[in-house]
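A look at the structure
Given next are the chains, with one letter for each unit.
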Amino acid sequence: MRRHWIDNLRWVTVLLVLFYHVIYFYNNKGVFGGIGGFGDGPQYQDVVMYILYPWFMPLLFILAGISARYALDRHSAKEWFKARTQKLLVPGTIGLFVFHWMVGCFNTAVANRTGVFDGVPAVAKYAIMAVSGIGPLWFVQLLWLLCLVLLLLRALDKKDRIWNWCGKAHIMWIILLGVLFWAGEQTLIKQPRPESLDGIWNLYKPLFYLVPFLMGYYVFSHDEVQERVGKAWIPLMACAVVSGIVLILTTFGQDNTSPQYMGSPLNCTYGWLMCLAMMGWFKEKFNCTGPVAGYFTRSSFGIYVVHYLVIASLGYLMKLYTQLPPVAMYVILTVAVFALSPLIYEVLVRIPVIRWCIFGVKSNKK
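It should be emphasised that the depicted structure is a prediction, and the values quoted were computed from it without experimental measurement. Counting of residues starts from 1 at the beginning of each chain's written sequence and follows it residue by residue. In keeping with the model being predicted, local features are shown solely for residues with a pLDDT of at least 70 and side-chain atom pairs are shown and tallied solely at 80 or more, while totals for entire chains, interfaces and linings include all residues. Side-chain metrics rest on all non-hydrogen atoms present in the structure, leaving aside hydrogens and water.

1. Concerning the overall build of the chain
To keep it simple, the criterion reads: Think of it this way: any DSSP run of H or I at least four residues long counts as a helix, any run of E at least two long counts as a strand, and we number them from the N terminus. For a compact globule the rule gives 2.2 Å times the number of residues to the power 0.38, and the radius of gyration it is set against comes from C-alpha atoms. Relative accessibility decides the category of a residue: with a 1.4 Å probe and only protein chains considered, values under 20% of the type maximum give buried, values over 50% give exposed, and everything between is partly exposed. Whether two residues touch is decided by their heavy atoms; if any such pair falls within 4.5 Å, the residues are in contact.
Per the secondary structure count, the chain includes 18 helices and zero strands. Here the chain has a C-alpha radius of gyration of 21 Å; the compact-globule value for 366 residues is 21 Å, and the two agree. Dimensions of the chain, computed from the C-alpha atoms along their principal axes, are close to 60 × 50 × 45 Å. For the chain, with 366 residues in total, the buried portion stands at 51%. Relative to all contacts within the chain whose residues are 6 or more apart in sequence, the contacts with residues 24 or more apart total 80%.

In structure tokens form, the structure reads like this:
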């Protein structure tokens, strides 16, 4: 039986990622991947980042863990991992040199305003652009690695004792799993050294995202657990909203991507409660499908893969070469990313070889 609520929650979260990146691109904290904000004062539109960032990527890893359990119930580990490699590793490696070097072109253009790439040979510059164009593909690269870890854990527990035991979790124990959510955030490097790979570790956060991925596989793949979370969605959402309001009122203006911020108990509490509330809400209210939902269920991965080119290119050109007011830039970029990303996907997915390199898809059959 198809769990349409999982499909719907996944594509809705992907669309929220698109909107988040519009706001993120113009953030005034100077975080990686952005071009900078509009002045030194507070940007109140940045509140979107405080609302979304604590929970939407962990939620995608939870859903990936649930889906992994369902897929491994139907297919052998070898078949499943081969499919995961084609869907995740191919776009996350070959796709960089076929498509995402264009994203890297704008990233390096921002960096090159200080002349750091002057005199670099064309071949080396192309390789730099490909690597710097990873952007949102960190998600698929890390997810592939977590699939390897999952196969190892399955091999150590061939009788599924852990999975069976996790299915007995009641709602209070499920809420208390937020302690593991907080513990995962503590694996970030609090004071990353610029000359090291500390920043890469904090970007990928492998040990942190391993937690929600395994929770999805071992805990939330149980129908009984989904029912318990679904029945509690209203109080969970109320608690999440209250904790989110307190978080924003007490921390707005801080760098919400810093290890210290992400590892704070209040941020982790809000993030975990939102993951639970969103799952419960969609389980109870959106376990259905239709033409629009069906389209985004099929296409959301491809839209996610290509969307940042729209943001990086158009956002860069508007910021540096126009005198548009900030409101107009946000509106234009939002409309563009939601209109052009599906269009780019629909064109590229119809081109043989290209669709395999960028989306890990051999055939365009629905």
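Past the structure itself, the notes keep going.
2. Notes on the packing of aromatic side chains
Selection criterion: Here the aromatic set is Phe, Tyr and Trp, taking the six-membered ring for Trp, and pairing holds for ring centres within 6.5 Å; pairs whose planes are under 30 degrees apart are stacked, those over 60 apart are edge-to-face, and all others are tilted. Whether a charge lies above a ring is judged from NZ of Lys or CZ of Arg, which has to be within 6 Å of the ring centre and within 35 degrees of the ring normal.
A complete count under the given rule lists 36 aromatic pairs for this structure. Ring centres 5.1 Å apart and planes at 50° place the aromatic pair tyrosine 26 and phenylalanine 38 in the tilted group. Taken together, the residues span a long stretch of sequence, with tyrosine 26 in the loop between helix H1 (4-25) and helix H2 (47-52) and phenylalanine 38 in the loop between H1 and H2 at a distance of 12 residues. Where tryptophan 233 meets tryptophan 281, the ring centres are 6.0 Å apart and the plane angle is 20°; that geometry is what we call stacked. Of this pair, tryptophan 233 sits in helix H13 (residues 233-251) while tryptophan 281 sits in helix H15 (residues 265-285); the two residues are 48 residues apart in sequence, bridging distant segments of the chain. Note on tryptophan 233: relative accessible area 18%, which makes it buried. According to the relative accessible area criterion, tryptophan 281 is partly exposed, its value standing at 28%. It is arginine 69 that lies over the ring of tryptophan 163; its NZ or CZ is 3.9 Å from the centre.

3. Quick look at the packing of helix H12 (residues 223-231) against H15
What counts is decided by this rule: Only the contacting stretch of a helix is used when fitting its axis, a line to C-alpha atoms as for every element, and angles between N-to-C directions run 0 to 180 degrees. We call two directions roughly parallel when the angle between them is under 35 degrees, roughly antiparallel when it is over 145, roughly perpendicular when it lies between 65 and 115, and oblique otherwise. Note that Gly is not counted as nonpolar here; it falls among the polar residues with everything else outside the nonpolar set of Ala, Val, Leu, Ile, Met, Phe, Trp, Tyr, Cys and Pro and the charged set of Asp, Glu, Lys and Arg.
Following both chains from N to C, one finds H12 and H15 inclined at 95°, their axes separated by 7 Å at the closest point. Relative to H15, the element H12 is oriented roughly perpendicular. Within the contact between the two elements, H12 uses Gln226, Glu227, Val229, Gly230 and Lys231 and H15 uses Leu276, Met279, Gly280, Lys283 and Glu284. Across the contact of H12 with H15, the residue classes break down as three nonpolar, three polar and four charged.

4. A short note on the environment of leucine 143
As for its placement among the helices and strands, leucine 143 is situated in helix H6 (residues 138-156). For leucine 143, a relative accessible area of 6% corresponds to the buried category. Apart from the residues lying within four places of it in its own chain, the contact partners of leucine 143 are Phe61, Ala64, Arg84, Leu88 and Phe213.

5. Considering the pattern of salt bridges
Let me state the cut-off plainly: Any carboxyl oxygen of Asp or Glu within 4 Å of a side-chain nitrogen of Lys or Arg constitutes a salt bridge here.
Counted under the stated rule, the structure contains eight salt bridges. Through salt bridges with shared partners, one network takes in Arg2, Asp7 and Arg10.

6. As for the packing of helix H16 (residues 291-321) against helix H17 (residues 326-348)
Counted only if it meets this: Each crossing gets its handedness from the near helix: less than a right angle anticlockwise from the far helix is left-handed, clockwise is right-handed.
The contact between H16 and H17 brings their axes to 6 Å, and the two run at 130°. On the basis of their axis angle, the class for H16 and H17 is oblique. The handedness of the crossing between H16 and H17 comes out as right-handed. When the residues that make up the contact of H16 with H17 are grouped by side-chain class, the tally is 17 nonpolar, five polar and three charged.

7. Looking at the nonpolar core
Let me state the cut-off plainly: Residues enter a nonpolar core if they are buried and are Ala, Val, Leu, Ile, Met, Phe, Trp, Tyr or Cys, with the set joined through side-chain atoms within 4.5 Å.
Within the largest apolar cluster, 120 residues are counted, with the highest numbers of intra-cluster contacts made by Phe213 and Phe220. In terms of residue count, H16 provides more of this core than any other element does, 14 residues in total. In contact with phenylalanine 213, not counting residues within four places along its chain, are Phe61, Ala64, Gly65, Ala68, Leu143, Leu146, Cys147 and Leu150.

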